[in-house]
Structures are given as structure tokens and as C-alpha cells.
Amino acid sequence: MTEEDHEFEVADAGSSLTYPMQCSALRKGGFVVIKGRPCKVVDMSTSKTGKHGHAKVHLVGLDIFTQRKYEDLSPSTHNVEVPVVKRTEFELLDIDDGFLNLMTDSGETKQDVKAPEGDLGDKLQADFDDGKEVIVTVVSAMSEEACISYREAPSS
């Protein structure tokens with residue numbers, strides 16, 4: 001290959017999965033990356049500065065996909081990573097082998113979202129089997145996607 005030959009494996013806009021934010025600027029209900037997982041901040045408290053140190057922020061977050069609890073302690077002046085979280089609604093076409101068959105607003109199909117487990121998955125399957133038109137909400141962050149809720153589509 002000569003110097004002019006270029007090969008690109010990935011064709012995306014180059015957008016980052018996270019962005020930095022000062023720890024003291026976080027708020028309850030916001031999002032933060034704790035131990036490499038995207039979390040929703042459910043509790044935070046700030047301790048006073050010590051004799052030789054920074055004020056510390058104690059963060060408690062719930063993983064937005066698994067609902068597992070994570071905690072972190074970091075200086076309030078330091079930056080933490082905040083995930084880019086996107087919520088999208090899709091029309092449910094079918095549930096096939098544990099995956100949702102969804103339709104976007106533009107009419108394209110999407111088949112790579114796993115069906116939710118537990119009560120949400122059971123209720124979704126039951127309502128879909130009853131012939132109800134269903135709109136599902138899918139949250140995506142840090143290259144992961146999950147169905148977090150659904151509602152019955154308004155009858156037209």
C-alpha cells in the first residue's frame with residue numbers, strides 16, 4: 001500500500017460514547033459512568049474539604065440496563081465521564097426468539113433489541129399476544145440497547 005491508499009473500517013460520525021463533566025456539576029436524575037457502566041444518579045452527597053484536600057462527592061447510581069447499584073467517591077473538582085443516553089420509541093411488529101422486531105418512524109425494521117426479561121417481558125408478550133398495538137421505548141448508551149418500557153399505541 002502506498003502512502004495515498006486509505007482504508008476505513010468504520011464509517012460513523014466519530015461521536016464519542018461519553019463526554020466529561022465536572023463532578024460537582026452532576027445532579028440527581030442525571031447520568032454518569034461508574035466502574036465502566038452507564039448509571040442514573042440516585043443519590044449524591046458532598047463532604048467538606050479536609051486539611052490538605054479537595055471536597056469529595058459520593059455518588060450512588062443505578063445501572064440503566066441492569067438496575068445494579070454502583071457507588072463512587074471522587075474529588076468535586078475532577079471530571080467524570082457522562083454517557084450519551086438516547087431514548088427512542090418504536091412500533092412493535094413481532095417478538096421472535098427473544099428479540100423484538102421493531103419499526104422506526106421512517107419505516108425501516110430493527111431486529112437487534114433483546115426482549116426484556118421478568119415482569120416487563122411477560123406483560124409485553126401478553127399484551128402483544130392479545131393483539132394490542134404496542135409502542136416500546138428503547139434506551140441506548142455506550143453501544144448497548146435495552147427495552148425499558150412500553151405503552152399501548154393510541155387507536156387511530
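As recorded by an unreviewed UniProt entry, the protein carries the name Eukaryotic translation initiation factor 5A and is attributed to Brettanomyces naardenensis. The Sequence similarities (unreviewed entry) field of the UniProt record for the protein holds the comment "Belongs to the eIF-5A family." Comment text from UniProt for the protein, heading Subcellular location (unreviewed entry), reads "Cytoplasm".

Colleague: Looking at this model, I keep getting lost on the layout of surface pockets. Mind explaining?
Modeller: Remark: the empty space left among the atoms is shown by a probe the size of a water molecule rolled over them. Within this model, the largest pocket holds a volume of roughly 530 Å³. Around the largest pocket, the lining is made up of 22 residues, and of these Ile64, Phe65, Ala146, Cys147 and Ile148 lie nearest the centre. Among the secondary structure elements, those contributing two or more residues to the lining of the largest pocket are β3 (37-46), β4 (56-63) and β11 (144-152). For the lining of the largest pocket, the leading source of residues is β11, giving five residues. Within the lining of the largest pocket, the residues separate by chemical class into 13 nonpolar, two polar and seven charged. Split by domain, the lining of the largest pocket shows at least three residues from each of two domains, domain 1 (18-83) and domain 2 (85-152).

Colleague: Whenever I open this one, the sheet that holds strand β9 (residues 109-114) confuses me. Can you help?
Modeller: The strands that make up a sheet are held in pairs by hydrogen bonds between backbone atoms, and each pair lies either parallel or antiparallel. Spatially, five strands are ordered β9-β8-β7-β10-β11 in an open sheet, and the strand pairing comes out antiparallel. Edge strands, defined here as strands with exactly one partner in the open sheet, are β9 and β11. When strand polarity is set aside, the average angle formed by the axes of neighbouring strands in this sheet is 45°. Strand direction decides the pairing type here: strand β8 (residues 99-103) and β9, joined by four bridges, are antiparallel. Residue Leu102 lies in a different strand from β9, and its bridge partner there is Lys110.

Colleague: When you look at the pattern of salt bridges in this model, what are you seeing that I'm missing?
Modeller: Where charged atoms of side chains with opposite charge meet at close range, the side chains can pair. Summed over all chains, the structure comprises seven salt bridges. A salt bridge links Asp63 to Arg37, with the nearest nitrogen and oxygen atoms 2.6 Å apart. With a gap of 26 residues between them, Asp63 in strand β4 and Arg37 in strand β3 connect regions that are remote in the sequence. By relative accessible area, which is 0% here, Asp63 ends up buried. Via salt bridges that share partners, Arg37, Asp63 and Glu144 belong to a single interconnected network.

Colleague: Quick question: what am I supposed to make of the sheet that holds strand β2 (residues 31-34) here?
Modeller: Taking strand neighbours across the sheet as the criterion, the four strands line up as β2-β3-β4-β5 in an open arrangement whose pairing is antiparallel. Both edges of this open sheet fall to β2 and β5 (69-75), since each of them pairs with a single strand only. The mean inter-strand angle of the sheet, taken between neighbouring strand axes irrespective of direction, is 45°. Where β4 meets β5, seven bridges bridge the pair, whose relative direction is antiparallel. Across the sheet, the residue bridging to Gly61 is Tyr70, located in β5.

Colleague: Could you clarify how one ought to interpret the side chain of Thr137 in this entry?
Modeller: Note on placement: Thr137 falls in strand β10 (residues 134-141). The residues contacting Thr137, other than those within four sequence positions of it, are Arg87, Thr88, Glu89, Ala146, Cys147, Ile148 and Ser149.

Colleague: Explanation requested: the pairing of β11 in the structure shown.
Modeller: On a regular strand, each side chain points to the face opposite its neighbour's, so the side chains alternate between the two faces of the sheet. For β10 and β11, the ladder comprises eight bridges, and the chain directions are antiparallel. Paired with Val136 across the strands is Tyr150, a residue of β11. Counted between consecutive antiparallel strands, the loop separating β10 from β11 contains two residues, among which Met142 sits at a positive phi close to 50°.

Definitions and cut-offs
- Residues numbered from 1 in each chain as written.
- Predicted model: local features only at pLDDT ≥ 70, side-chain atom pairs only at ≥ 80, totals over all residues.
- Heavy atoms only, no water.
- UniProt positions renumbered as here; feature names shortened; annotations may be inferred.
- 1 Å grid on protein atoms, 1.4 Å probe; cavity = no way out; pocket = protein on both sides within 12 Å on 5 of 7 lines; lining within 4 Å.
- Points joined across faces, edges and corners; volume = space filled by probe spheres on them.
- Helix = DSSP H or I, 4+ residues; strand = E, 2+ residues; numbered from the N terminus.
- Nonpolar A, V, L, I, M, F, W, Y, C, P; charged D, E, K, R; others polar.
- Domains from an automatic or database assignment.
- Pairing = 2+ DSSP bridges.
- Axes fitted to C-alpha atoms, helices over the stretch in contact; angles between N-to-C directions.
- Salt bridge = Lys/Arg side-chain N within 4 Å of Asp/Glu carboxyl O.
- Buried < 20%, exposed > 50% of the residue type's maximum accessible area, 1.4 Å probe, protein only.
- Contact = heavy atoms within 4.5 Å.

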